[in-house]
Amino acid sequence: MANILVASCFTGNSENDERWCRLQTLFMNKTVSTHTITKLACVSNEQTNLEPYKRYGYYATNQSDKAHHTGVKVILDHFKQEQQYDYLCILDSDAWPVQPYWLENCIEWSNTSEFIGAAAIRTEN
């Protein structure tokens, strides 16, 4: 069983963010297997109320500005600093898994010699 940090950057718009937190949590609960998951919400510094994120089981932290790349840096720094996680999964705030065993697949792909990670592919990209 792996210890996995699943992290997302949120805009700080509590109405939309709360919807995304609820949907991510719902689908993660439906699709996650026996792995231990810690959810991290990295939120724009303009949002001072972190309760909507915590309500859905996220550890919530603020970033220093609104830029997406700053949030990803905060997530990476947290992952490196904590050293308790075996894997890091970064999800867009408006994304959630729908396939059963998605984590097992990502772990398997990440552990092969050909790959260093796994990424979701959006058909519009």
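Cut-offs and rules
Per-chain numbering applies: the sequence of each chain, read as written, is numbered from 1 onward. The predicted nature of this model means local features are confined to residues of pLDDT at least 70 and side-chain atom pairs, given and counted, to a pLDDT of 80 or more, with totals for whole chains, interfaces and linings taken over all residues. To obtain the side-chain values, all non-hydrogen atoms of the structure were included, while hydrogens and water were left out. Strands here mean DSSP runs of E at least two residues long; helices mean DSSP runs of H or I at least four residues long; both are numbered from the N terminus. By definition in these notes, contact holds between two residues if any of their heavy atoms fall within 4.5 Å. Each accessible area is a Shrake-Rupley result for a 1.4 Å probe, and residues are judged covered by the shown protein chains and nothing else. Strand pairing follows a simple DSSP-based rule, namely that at least 2 bridges must link the two strands. A fitted line through C-alpha atoms represents every axis, and for helices the fit uses only the stretch in contact; the resulting angles, taken between N-to-C directions, go from 0 to 180 degrees. Burial classification: accessible surface area is computed with a 1.4 Å probe over protein chains only, and a residue below 20% of its type maximum counts as buried, one above 50% as exposed, and the rest as partly exposed. Note that the arc is defined by the directions from the helix axis to the C-beta atoms. Known as pLDDT, the predictor's per-residue confidence is scaled from 0 to 100.

S.K.: Residue-level account of the overall build of the protein chain, with values.
M.R.: When helices and strands are tallied, the protein chain shows four helices and four strands. Each helix (α) and strand (β) of the protein chain, taken in turn from the N terminus, gives the series β-α-β-α-β-α-β-α. Put simply, 63% of the contacts in the protein chain that link residues at least 6 apart link residues at least 24 apart. Taken as a whole, the protein chain presents about 7,800 Å² of accessible surface, with 50% of it coming from carbon and sulfur.

S.K.: Kindly report on unusual backbone geometry, identifying the contributing residues and their values.
M.R.: You will see that Q83, though not glycine, has its phi angle at about 55°, which is positive. Relative to the assigned elements, Q83 resides in the loop between α3 (68-82) and β4 (87-90). Not every positive phi belongs to a glycine, and Y101 is a case in point at roughly 65°.

S.K.: Any chance you could break down the sheet that holds strand β2 (residues 36-43) for me, citing the residues and the numbers?
M.R.: What the four strands build is an open sheet, ordered β3-β2-β1-β4; its pairing is parallel. Each end of this open sheet is capped by a strand with a single partner; those strands are β3 (58-62) and β4. Averaged over all pairs of adjacent strands, the angle between strand axes in this sheet comes to 25°, irrespective of strand direction. Contacts from α3 reach β1 (3-10), β2, β3 and β4, with the element oriented near 160° to β1. The sheet strands contacting helix α4 (residues 102-110) are β1, β2 and β4, and the helix crosses β4 at an angle near 120°.

S.K.: Could you give an account of α4, with specific residues and numbers?
M.R.: Among the residues of α4, W102, L103 and I107 are the ones counted as buried. The arc enclosing the buried residues of α4, seen along the axis, measures out at 135°, which places them on a common side.

S.K.: Describe the confidence of the model for the protein chain, with residues and values.
M.R.: For the protein chain, the mean per-residue pLDDT works out to 85, and 90% of the residues sit at or above 70. Of all secondary-structure elements in the protein chain, the lowest mean pLDDT belongs to α4, at 83, while β3 reaches the highest, 93.

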